[in-house]
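Chain residues, written in single-letter form:
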Amino acid sequence: MTMLDVDSVQAFVTIAENKSFTRAASELGSTQGAISVKLKRLEERLGHRLIERTPRLVRLSAQGAVFLDAAREFLAAHDRAIEALSSSRRRFRLGIAAHVAGPEVPTLLARLNAHDPGLTIEVRLDNSCELLAAFDRGDLDAAIVRRDEDRRDGEVLAPEHFGWFATPQFEYRRGEPLRLAALSPNCKVRDVCTRALDAAGIPWAEVFLGGGSSAVTAAVSAGLAVSTFSYRLAPVGTVEVSERFGLPALPSSEVVLHSTLTDAKSRAALRTLAAAFREHRSSN
């Protein structure tokens, strides 16, 4: 019977999720040589090559892709066995910006729960400004937000590209104020779009403000106004209208993960969170 070594399986999963031996070694607090040895040991035990590595690319082999989910389940079962010895539940307070939260959120939560079933997950949805303030006060353990222009810290998870969206029936005549819907007065995405309009000499009027991202989506879908969305989160039934209305291009940004957690278990949860986010984005 083939016996699996937890450290070797963890090395394989971390390499697969990061697509990099360097990043995997950094996350595991190890060296590239050490995790390469662990991966080789696992491949020899299984009798299959799991990772294909070239000077420019690290990717799963066909056998590695088949084994990845089972490897994650193996690690989760190991963690559950260890967790069973402790009756205390830990809390993980996560903030996700309204302009960032999308269809990947269920994947993030499911992966966190599978990683640590003893975790009580608290999620707060708000604009990036409010979440960063809460994170700086210590009210959140981690925050996934749009990159703030005033700070360069945080782990980059993915690029984010924005456009102007409205219903196909929405009417706008140049020279008239552009009808806008926005999340809140202190939303940085709102600031970016209004600055772009001002720089282009396009008058605008805010006709819908606040109520949360779902309310802004509803206002745009109802034909009340134009609003700025990332392309991946544009409301169903809306279209990008920058070319049609002569609206200025909007700068791209980044989605970043902020956290100051240092204990091993919490860092592992953060690695799981980051990997799930990147995985979901790359598959869509």
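Before reading on, note that the structure itself is shown above.
Residues numbered from 1 in each chain as written. Predicted model: local features only at pLDDT ≥ 70, side-chain atom pairs only at ≥ 80, totals over all residues. Heavy atoms only, no water.

Caption draft 1: Seen up close, the overall build of the protein chain. The helix and strand tally for the protein chain stands at ten helices and twelve strands. With 284 residues in all, the protein chain has 45% of them scored as buried. If you take every contact in the protein chain between residues at least 6 apart in sequence, the share linking residues at least 24 apart comes to 75%. Looking at the protein chain, you have 36 positive and 35 negative side-chain charges, and the mean spots of the two groups are 3 Å apart. (Helix = DSSP H or I, 4+ residues; strand = E, 2+ residues; numbered from the N terminus. Buried < 20%, exposed > 50% of the residue type's maximum accessible area, 1.4 Å probe, protein only. Contact = heavy atoms within 4.5 Å. Lys, Arg positive; Asp, Glu negative; His and termini not counted. Charge placed at Lys NZ, Arg CZ, Asp CG, Glu CD.)

Caption draft 2: Spotlight on the sheet that holds strand 6 (residues 155-160). In spatial order, the strands read 4-3-5-12-6; together these five strands make up an open sheet with mixed pairing. For this open sheet the edge positions go to strand 4 (119-126) and strand 6, each flanked by a neighbour on one side alone. Ignoring which end each strand starts from, the neighbouring axes of this sheet average 15° apart. (Pairing = 2+ DSSP bridges. Axes fitted to C-alpha atoms, helices over the stretch in contact; angles between N-to-C directions.)

Caption draft 3: Representation of the pattern of salt bridges. Here the structure, examined in full by the defined rule, presents 14 salt bridges. Here aspartate 139 ties to arginine 137 by a salt bridge, and the two come within 2.9 Å at their closest N and O atoms. The shortest N-O distance in the salt bridge between arginine 190 and glutamate 206 comes to 2.4 Å. In this pair, arginine 190 sits in helix 7 (residues 188-199) while glutamate 206 sits in strand 9 (residues 204-209), placing the two residues 16 residues apart along the sequence. A relative accessible area of 15% means that arginine 190 is categorised as buried. According to the relative accessible area criterion, glutamate 206 is partly exposed, its value standing at 28%. Salt bridges sharing partners connect three or more residues here, namely Glu17, Asp69 and Arg72. (Salt bridge = Lys/Arg side-chain N within 4 Å of Asp/Glu carboxyl O.)

Caption draft 4: Layout of the packing of helix 1 (residues 6-18) against helix 4 (residues 62-83). Orientation of helix 1 relative to helix 4, taken along the N-to-C sense of each, is 125°, at an axis distance of 9 Å. One way to sum up the angle between helix 1 and helix 4 is to call them oblique. In the crossing of helix 1 with helix 4, the sense of the turn from one axis to the other is left-handed. Contact residues: helix 1 offers Val6, Val9, Gln10, Phe12, Val13, Ala16 and Glu17, while helix 4 offers Gly64, Phe67, Leu68, Ala71, Arg72, Phe74, Leu75 and His78. (Parallel < 35°, antiparallel > 145°, perpendicular 65-115°, else oblique. Left-handed = near helix turned anticlockwise from the far one by under 90°.)

Caption draft 5: Fine view of unusual backbone geometry. We note that lysine 19 has phi near 55°; this positive angle belongs to a residue other than glycine. Among the secondary structure elements, lysine 19 is positioned in the loop between helix 1 and helix 2 (21-27).

Caption draft 6: Layout of the pairing of strand 9. Sheet topology note: the strand 8 (residues 178-182)/strand 9 ladder contains five bridges and is parallel. Counterpart to arginine 179 in the pairing with strand 9 is alanine 205. For the crossover that starts at strand 8, traverses helix 7 and ends in the parallel strand 9, the hand is right-handed. (Right-handed = clockwise from strand over helix to strand, strands pointing away.)

Caption draft 7: Representation of the nonpolar core. Counting 30 residues, the largest nonpolar core has Phe92, Ile144, Leu257, Leu273 and Phe277 as its most contacted members. At the level of secondary structure, the elements contributing two or more residues to this core comprise strand 3 (90-97), helix 5 (105-115), helix 6 (128-137), strand 5 (142-146), strand 6, strand 12 (253-259) and helix 10 (264-282). By residue number, the principal contributor to this core is helix 10, which donates six residues. The residues contacting isoleucine 144, other than those within four sequence positions of it, are Leu94, Gly95, Ile96, Ala97, Val100, Leu108, Leu157, Val255, Val256, Leu257, Leu273 and Phe277. Counting 28 residues, the second largest nonpolar core, distinct from the first, contains Phe165, Leu183, Cys193 and Leu197. (Core = buried A, V, L, I, M, F, W, Y, C linked by side-chain atoms within 4.5 Å.)

Caption draft 8: Fine view of the packing of aromatic side chains. Going through the model one piece at a time under the given rule, you end up with five aromatic pairs. Between phenylalanine 165 and phenylalanine 229, the aromatic rings sit 6.4 Å apart at their centres with planes inclined by 70°, giving edge-to-face as the arrangement. Of this pair, phenylalanine 165 sits in strand 7 (residues 162-166) while phenylalanine 229 sits in strand 10 (residues 227-230); the two residues are 64 residues apart in sequence, bridging distant segments of the chain. Joined through ring pairs, the aromatic side chains of Phe165, Phe229 and Tyr231 make up one cluster. It is arginine 53 that lies over the ring of phenylalanine 21; its NZ or CZ is 3.8 Å from the centre. (Phe/Tyr/Trp six-rings, centres within 6.5 Å; stacked < 30°, edge-to-face > 60°. Lys NZ or Arg CZ within 6 Å of the ring centre and 35° of its normal.)

Caption draft 9: Fine view of the packing of helix 1 against helix 3 (residues 32-46). The geometry of helix 1 relative to helix 3 is characterised by a closest axis approach of 8 Å and an angle of 110° between their N-to-C directions. Compared by their axis directions, helix 1 and helix 3 come out roughly perpendicular. The segment helix 1 lies against helix 3, with Asp7, Ser8, Val9, Ala11, Phe12 and Ile15 engaging Ile35, Lys38, Leu39, Arg41 and Leu42. Residues belonging to the contact of helix 1 with helix 3 are distributed by class as follows: seven nonpolar, one polar and three charged. (Nonpolar A, V, L, I, M, F, W, Y, C, P; charged D, E, K, R; others polar.)

Caption draft 10: Representation of the pairing of strand 7 in the model. For strand 7, the tally of buried residues reaches five of five residues, placing the bulk of the element in the interior. The side-chain alternation of strand 7 yields two buried faces, one formed by Phe162, Trp164 and Ala166 and the other by Gly163 and Phe165. Note: strand 7 against strand 10, four bridges, orientation antiparallel. Residue pairing in the sheet places phenylalanine 162 in a bridge with serine 230 of strand 10.

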